[in-house]
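Analysis of the macromolecular model
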2 protein chains.
Amino acid sequence: MLSKKTKYALHALTYLGKHRDEKTVLIHDIAEEHGISHKFLENILLELKKAGILGSKKGKGGGYYLIKDPKEIPLSKVIRLLDGPIALLPCVSLNYYEPCSECKDEATCGINKVMIQVRDETLKILENKTLEDILKT
Amino acid sequence: MLSKKTKYALHALTYLGKHRDEKTVLIHDIAEEHGISHKFLENILLELKKAGILGSKKGKGGGYYLIKDPKEIPLSKVIRLLDGPIALLPCVSLNYYEPCSECKDEATCGINKVMIQVRDETLKILENKTLEDILKT
DNA sequence: ATAAAGTCTATAAAAAAGATAGGGTTTATA
DNA sequence: TATAAACCCTATCTTTTTTATAGACTTTAT
């Protein structure tokens with residue numbers, strides 16, 4: 001399951017996507033719309049900004065805005081950013097690889113082999129579903 | 001990512017699959033083979049037994065054995081049993097449904113719609129990969 | 001100047017995961 | 001029939017992760 005962080009990020013991105021006609025959107029408005037803690041959401045938006053997905057304007061009249069085209073924001077990117085690996089095991093993660101201590105030899109481990117296949121097929125899905133898909137339904 | 005419980009379960013099932021010529025296998029042997037806590041593994045095997053995947057024999061000379069054909073044990077079953085939902089959000093889970101508090105109306109929520117699609121495609125993968133796939137590699 | 005709004009870091013609280021403990025029950029066998 | 005081996009069951013403790021909060025700082029419009 002996705003963490004609340006990722007879930008909130010998706011809601012925020014959706015909100016921002018729906019308000020692209022406005023120059024900026026307040027954290028406060030997004031938080032209120034979904035009943036999310038303002039401060040918690042703040043950290044999330046900051047991460048999205050650092051990842052180059054959002055832009056912001058400081059000071060009075062400021063706020064956040066989408067910096068990318070919704071179809072250029074795949075679910076895989078949002079999930080990796082807030083939740084970490086998409087792979088089911090550390091030993092098959094492309095971005096967060098770590099060996100599994102209980103596995104004697106990765107090269108001959110059937111679990112490893114199958115999980116690589118699962119990872120590749122899962123990535124196909126999550127790289128092709130984007131914020132645009134969420135917005136257009 | 002899968003929890004250690006699920007990971008250990010997969011290793012145990014693999015071990016049992018490889019030793020199907022023997023009548024029973026000791027928890028101890030599986031735990032030792034993978035450097036897993038005996039007691040922790042005990043709980044896991046018990047769950048697999050209750051789910052009808054393993055059988056056991058008590059008393060001296062007892063142990064565990066696979067009760068199902070490896071190709072009848074999909075990853076989805078093992079994951080659901082030890083980790084819970086496969087869906088990315090509670091509001092799209094088939095087996096563990098719960099509404100999302102921050103979502104005002106599921107019927108019009110784009111996130112919900114997309115996550116249903118992700119769930120269905122993910123299930124296709126996890127229901128078709130089985131213990132047999134792990135054993136044969 | 002002032003107030004509004006994002007930035008940043010630290011810490012606290014809650015929940016979940018991981019691990020351990022120990023007594024109970026069953027069964028082969030000497 | 002006593003004993004040791006092995007699974008069964010439940011409770012509890014510890015650690016880690018997640019979720020949430022706090023507060024001081026910076027920027028900017030008016």
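Rules used in this analysis
- Residues numbered from 1 in each chain as written.
- Chains lettered and ligands numbered in written order.
- Predicted model: local features only at pLDDT ≥ 70, side-chain atom pairs only at ≥ 80, totals over all residues.
- Heavy atoms only, no water.
- Helix = DSSP H or I, 4+ residues; strand = E, 2+ residues; numbered from the N terminus.
- Buried < 20%, exposed > 50% of the residue type's maximum accessible area, 1.4 Å probe, protein only.
- Contact = heavy atoms within 4.5 Å.
- Areas by Shrake-Rupley, 256 points an atom, 1.4 Å probe, with all protein chains shown as cover.
- Lys, Arg positive; Asp, Glu negative; His and termini not counted.
- Charge placed at Lys NZ, Arg CZ, Asp CG, Glu CD.
- Near = heavy atom within 4 Å.
- Polar contact = N/O pair within 3.5 Å; in protein donor to acceptor, adjacent residues only side chain to side chain.
- Patch = residues over 30% accessible without salt bridge, like charges linked within 9 Å, V, L, I, M, F, W, Y side chains within 5 Å.
- Salt bridge = Lys/Arg side-chain N within 4 Å of Asp/Glu carboxyl O.
- Phe/Tyr/Trp six-rings, centres within 6.5 Å; stacked < 30°, edge-to-face > 60°.
- Nonpolar A, V, L, I, M, F, W, Y, C, P; charged D, E, K, R; others polar.
- Buried area = accessible area lost by both parts, 1.4 Å probe.
- Pairing = 2+ DSSP bridges.

Glancing now at the overall build of chain A. Looking only at helices and strands, one finds six helices and two strands in chain A. Overall, the C-alpha framework of chain A stretches about 60 × 30 × 25 Å when taken along its three principal axes. In chain A, buried positions account for 51% of the 137 residues. When contacts within chain A are restricted to residue pairs at least 6 apart in sequence, long-range pairs at least 24 apart make up 57% of them. For chain A, the exposed area adds up to about 6900 Å²; of that, 50% sits on carbon and sulfur atoms. If you average the places of the 22 positive and of the 19 negative side-chain charges in chain A, the two averages end up 4 Å apart.

Before going further, it helps to spend a moment on the environment of Glu127(A). Residues and elements named next belong to chain A. Assignment of secondary structure puts Glu127 in helix α5 (residues 110-128). The exposure class assigned to Glu127 is partly exposed, which follows from its relative accessible area of 43%. The sequence separation of Glu127 and Pro74 amounts to 53 residues, and the corresponding C-alpha distance is 5.2 Å. With residues near it in sequence (within four places) discarded, Glu127 still touches Pro74, Ser76 and Arg80.

As a structural note, the neighbourhood of DNA strand D is formed by 30 residues, with Lys39(A), Glu42(B), Lys49(B), Ser56(B) and Tyr64(B) the closest of them. Taking the atoms of DNA strand D that fall within 4 Å of the protein, sugar and phosphate contribute 65% of them. In the environment of DNA strand D, a base oxygen lies 3.5 Å from a nitrogen or oxygen atom belonging to the side chain of Asn43(A). Between DNA strand D and Lys57(A) there is a distance of 3.2 Å, counted from a phosphate oxygen to a side-chain nitrogen or oxygen.

Our next topic: a negative patch on the surface. Residue and element names in this part refer to chain A. On the surface, Asp21, Glu22, Asp29 and Glu32 cluster together into a patch of negative charge. Note on placement: Asp29 falls in helix α2 (residues 27-34). Residue class for Asp29 comes out partly exposed when judged on its relative accessible area of 31%.

Turning our attention to the packing of aromatic side chains. Residue and element names in this part refer to chain B. With the rule as written, the count across this model stands at two aromatic pairs over all chains. With a centroid separation of 5.8 Å and an interplanar angle of 85°, the aromatic rings of Tyr8 and Phe40 are classed as edge-to-face. Residue Tyr8 is located in helix α1 (residues 4-18), and its partner Phe40 is located in helix α3 (residues 38-50); the two are separated by 32 residues in the primary sequence. When its relative accessible area of 11% is taken as the criterion, Tyr8 is described as buried.

Contacts to DNA strand C come from 31 residues, most closely from Glu42(A), Lys49(A), Ser56(A), Tyr64(A) and Lys39(B). The sugar-phosphate backbone supplies 65% of the atoms of DNA strand C found within 4 Å of the protein. Note that a phosphate oxygen of DNA strand C is positioned 2.6 Å from one of the side-chain N or O atoms of Lys49(A). Looking at the surface near DNA strand C, the elements with two or more residues in it are α3 (38-50), β1 (54-57) and β2 (63-66) of chain A together with α1 and α3 of chain B. The element that contributes the greatest number of residues to the surface near DNA strand C is α3(A), accounting for six residues. Tallied by class, the residues present in the surface near DNA strand C amount to seven nonpolar, ten polar and 14 charged.

Between chain B and chain A, the contact holds 37 residues from the first and 37 residues from the second. Of the roughly 3400 Å² buried at the junction of chain B and chain A (both faces included), carbon and sulfur atoms supply 71%. When the buried area of chain B at its contact with chain A is split by residue, Met1(B), Glu102(B) and Ile111(B) rank highest and sum to 21% of it. At the boundary of chain B with chain A, the tally comes to four salt bridges. Among the ionic pairs, Lys104(B) bridges to Glu33(A), the shortest N-O distance being 3.7 Å.

The subject of this paragraph is the pairing of strand β1 (residues 54-57) of chain B. All names here are of chain B. Bridge analysis of β1 against strand β2 (residues 63-66) gives four bridges, and the strand direction is antiparallel. Bridged to Lys57 within β2 is Gly63. Where β1 folds back onto β2 in an antiparallel hairpin, the turn is made up of five residues, including Gly59, whose phi is positive at roughly 75°.

A few words on the environment of Glu121(A). Relative to the helices and strands, Glu121(A) resides in helix α5. Given the relative accessible area of 31%, Glu121(A) is considered partly exposed. C-alpha separation for the pair Glu121(A) and Ile27(A), spaced 94 residues apart in sequence, amounts to 35 Å. Once residues lying within four places of it in the same chain are set aside, the contact partners of Glu121(A) are Ile125(B) and Lys129(B).

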